[in-house]
Amino acid sequence: MTTQSNNALTWVLWSVVACTVAVRLAVLDPQTLHTDEALYSAYSLYIARTGDLFLTHWNGFTPDKHPLFFWAVALAIKVFGSSDLAFRLINIGADALSAALVVSIAAQCGGIAAGLFAGCLYAISTLGAFYGATVFIDPFSIALGLLGLALVYSRRTTAAGILLGLSVTTKLFGAIYIPVALVIAFHRGGISAIINLATTCFGVIVMMLGLPILLNTFSDSSSFINEGMKNQNFGISSPEEWLSRVSHLFKLAGFLFESPTSLILFFAGIISAAIGVRKMTAELRDLLLSIGFVSLLYVGGLIIISSPVYDRYFLYLLPILSIAAGIGAANIARKIHIVTVRRAAITIVALALLMGGFQSIKKLSDGDPWIGSRSASAIYGGYVQLCYWLRHNSGDLRVWNHSLSWHLYYCLQGSAAQPAWFPGAKVVTNYREPALLALSKLDDPRIVEDIREDGWTVELLSEFGGMRGIDLWLYQIRPGNN
């Protein structure tokens with residue numbers, strides 16, 4: 001590329017990164033965590049506090065994921081403190097890096113226009129927006145895989161193999177990028193590059209998975225692989241389930257993009273790339289064919305496996321499909337032979353993508369979307385503040401809770417406060433000691449009156465909530481005089 005082209009690409013790259021971060025922060029509810037996010041935050045807090053990297057002495061739900069991501073979040077906690085934003089900083093940075101890599105890879109394959117279109121699609125994807133700033137493992141794994149792809153283009157196959165191996169280690173779905181990387185490696189360095197990439201990647205996976213198993217074996221604790229196998233029902237689902245699974249995946253596909261402009265450009269780009277693939281260079285043709293192949297294989301695998309298929313699994317497809325669509329859209333733009341008109345059209349489409357996509361996502365976030373941290377299982381805003389209050393103000397009191405049992409159990413690990421689940425008011429009143437009572441909006445508010453009728457003094461201490469209002473109430477309860 002010329003100096004002028006490099007400057008233009010730099011502007012495109014940084015603009016897309018800025019838009020990606022802005023969209024994620026605009027829809028972020030910093031006071032709402034999914035149950036899994038709360039668990040991963042607890043793991044990371046424990047590692048940051050104790051230095052127990054493999055959670056060998058963790059007293060709670062045994063980890064079923066490799067702790068690599070938890071190490072990264074623990075590092076952020078060490079540097080920035082234990083705040084709800086600190087938990088998310090790693091993935092915000094990882095997602096910004098992914099946006100830059102999507103632009104870079106697409107531009108290297110199809111020109112600056114391809115990088116711009118691909119980056120814009122990635123920035124304003126609905127799924128990407130609602131997961132990019134979460135404490136889920138997926139954005140971190142995806143960034144490692146994309147960085148591996150970018151390094152293959154630079155003929156750094158050893159470094160690429162390391163990162164691809166780390167991506168798979170972090171989460172198995174990162175393996176989707178390995179076939180694409182092998183195709184790129186072949187064109188960039190031949191068979192020797194493939195062998196180097198494959199052996200390095202395999203070696204990293206074996207080392208990263210084997211070391212924790214050995215440590216857990218010698219410490220008489222269960223490895224995360226054993227726990228993962230227990231928690232996942234691996235195998236093939238029955239054919240009767242496939243139809244409903246296909247319907248579910250089509251529903252998720254509809255949430256890849258929300259605005260009409262982005263949908264039109266995405267599908268037009270994919271179709272253009274498919275139609276024009278025979279006229280492309282061998283390297284670009286094989287790249288697009290490998291993306292198509294792994295995408296179909298990935299979706300097919302999600303259909304037939306018996307394990308649950310979550311919406312965030314589609315995130316692994318988003319960057320490579322954005323790259324393919326960006327390349328195809330750039331091919332359409334090249335049909336405009338007048339350079340000035342073509343550049344103006346590309347700029348107008350990109351601005352329409354970003355503005356329309358941002359407005360659509362913001363409108364969706366003002367409602368109650370079922371994706372990301374605001375899915376149906378993420379219903380408690382403010383429990384991070386509740387946990388902070390309990391850790392610093394409750395002493396060693398027992399904290400009775402019902403619907404909050406998962407959240408409080410994890411976020412109060414290592415605290416003097418004692419989370420305790422109750423099925424009904426009698427369990428609380430039979431304890432006969434001063435305690436705290438944490439209720440959520442899902443609990444029956446009559447529990448307070450039931451406890452009072454049993455002769456207890458119940459005093460509201462504080463309320464906690466998020467963007468959607470007050471969700472949690474904390475009471476102090478003491479035995480009465482009767």
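Look above for the structure.
This text gives an overview of the structure that appears in the document. Here the residue numbering is sequential within each chain, running from 1 through the sequence in written order. Local features are withheld for residues below a pLDDT of 70 in this predicted model, meaning they are given only at 70 or higher, and side-chain atom pairs are given and counted only at 80 or more; totals for whole chains, interfaces and linings count all residues. Only heavy atoms go into the side-chain values, all of them from the structure, while hydrogens and water stay out.

Overview of the packing of helix α1 (residues 3-27) against helix α5 (residues 112-123)
Only the stretch in contact is used when fitting a helix axis, every axis being a line fitted to C-alpha atoms; angles between N-to-C directions are given from 0 to 180 degrees. Secondary structure follows DSSP: runs of H or I at least 4 residues long count as helices, runs of E at least 2 residues long count as strands, and numbering of each begins at the N terminus. Direction vectors running N to C along α1 and α5 enclose 5°, while the axes themselves pass 9 Å from each other. Comparing the axis directions of α1 and α5 gives the class roughly parallel. On the side of α1, the interface is formed by Ser5, Ala8, Leu9, Val12, Val16, Thr20, Val23 and Arg24, while α5 contributes Ile112, Gly115, Leu116, Gly119, Cys120, Tyr122 and Ala123. Amino acids outside the nonpolar list (Ala, Val, Leu, Ile, Met, Phe, Trp, Tyr, Cys, Pro) and the charged list (Asp, Glu, Lys, Arg) are all regarded as polar, and Gly is one of them. For the contact of α1 with α5, a count of residues per class yields 10 nonpolar, four polar and one charged. Roughly parallel covers angles under 35 degrees, roughly antiparallel covers those over 145, roughly perpendicular covers 65 to 115, and oblique covers all other angles. Contact definition: two residues touch when any of their heavy atoms are within 4.5 Å.

Some thoughts on the pairing of strand β5 (residues 469-479)
Looking down a regular strand, the side chains alternate between one sheet face and the other. Two strands pair when backbone bridges link them, and strand β3 (residues 435-440) and β5 are joined in this way by six bridges, in the antiparallel orientation. Considered in β5, the bridge of Leu437 is made with Tyr475. Paired strands, as defined in this entry, are two strands with at least two bridges between them according to DSSP. As paired elements, strand β4 (residues 456-466) and β5 share 10 bridges and run antiparallel to each other. Directly across from Leu460, in β5, lies its bridge partner Tyr475. Between β4 and the antiparallel strand that follows it, β5, lie two residues.

Observations regarding the pairing of strand β1 (residues 398-401)
Both β1 and strand β2 (residues 418-421) contribute to a ladder of four bridges, which runs parallel. Paired with Arg398 across the bridge in β2 is Gln418. Looking down the strands as they point away from the viewer, one classifies a crossover as right-handed if the path from the first strand across the helix to the second runs clockwise. Crossover β1 to β2 through helix α17 (residues 405-411) is right-handed. Here three bridges tie β1 to β3, and the two strands are oriented parallel to one another. Its bridge partner being in β3, Val399 is matched across the sheet by Leu436.

Some thoughts on helix α3 (residues 68-80)
Any helix carries an expected span of 1.5 Å times its number of residues minus one. Counted at 1.5 Å a residue, the expected span for α3 with its 13 residues is 18 Å, and the 19 Å between its end C-alpha atoms agrees. Two residues or fewer past α3, Gly81 is found with a positive phi of approximately 95°.

A few points about the side chain of Ser44
With respect to the element layout, Ser44 can be found in helix α2 (residues 35-50). Among the polar contacts made by the side chain of Ser44, one reaches the main-chain carbonyl oxygen of Tyr40 at a distance of 2.9 Å. Under this definition, polar contacts are N or O atom pairs within 3.5 Å; protein pairs additionally need one hydrogen-donor-capable and one acceptor-capable atom, and for neighbouring residues in sequence, both atoms have to be side-chain atoms.

A look at the nonpolar core
Among buried residues, the Ala, Val, Leu, Ile, Met, Phe, Trp, Tyr and Cys ones that are joined through side-chain atoms within 4.5 Å form a nonpolar core. A 1.4 Å probe rolled over the protein chains alone gives each residue an accessible area, and that area as a share of the maximum for its type sets the label: buried under 20%, exposed over 50%, partly exposed in between. In terms of nonpolar packing, the biggest core is built from 134 residues, with Tyr177, Leu287, Ile327, Leu386 and Leu408 touching the most fellow members. For this core, the element with the highest residue contribution is helix α9 (residues 177-218), accounting for 11 residues. Ranked by size, the runner-up nonpolar core spans 15 residues in total, among them Trp400, Ala425, Ala435 and Ile451.

Section: the packing of aromatic side chains
Only Phe, Tyr and Trp rings are paired, with Trp represented by its six-membered ring, and only when their centres lie within 6.5 Å; those with planes under 30 degrees apart are stacked, over 60 edge-to-face, the remainder tilted. Evaluation of the coordinates by the stated rule reveals 15 aromatic pairs. Residues Phe69 and Phe140 carry aromatic rings whose centres are separated by 5.5 Å and whose planes lie at 55° to one another, so their mutual orientation is tilted. One end of the pair, Phe69, is in helix α3; the other, Phe140, is in helix α7 (residues 138-153), and 71 residues separate them in sequence. Each of the two residues, Phe69 as well as Phe140, counts as buried. An aromatic cluster is defined as three or more aromatic residues linked by ring pairs; in this entry it consists of Tyr40, Tyr43, Tyr46, Trp58, Phe69, Phe70 and Phe140. Over the aromatic face of Tyr310 sits the side chain of Arg312, whose NZ or CZ is 4.7 Å from the ring centroid. Throughout this description, the term charge over a ring refers to an Arg CZ or Lys NZ atom that lies within 6 Å of the ring centre and within 35 degrees of the ring normal.

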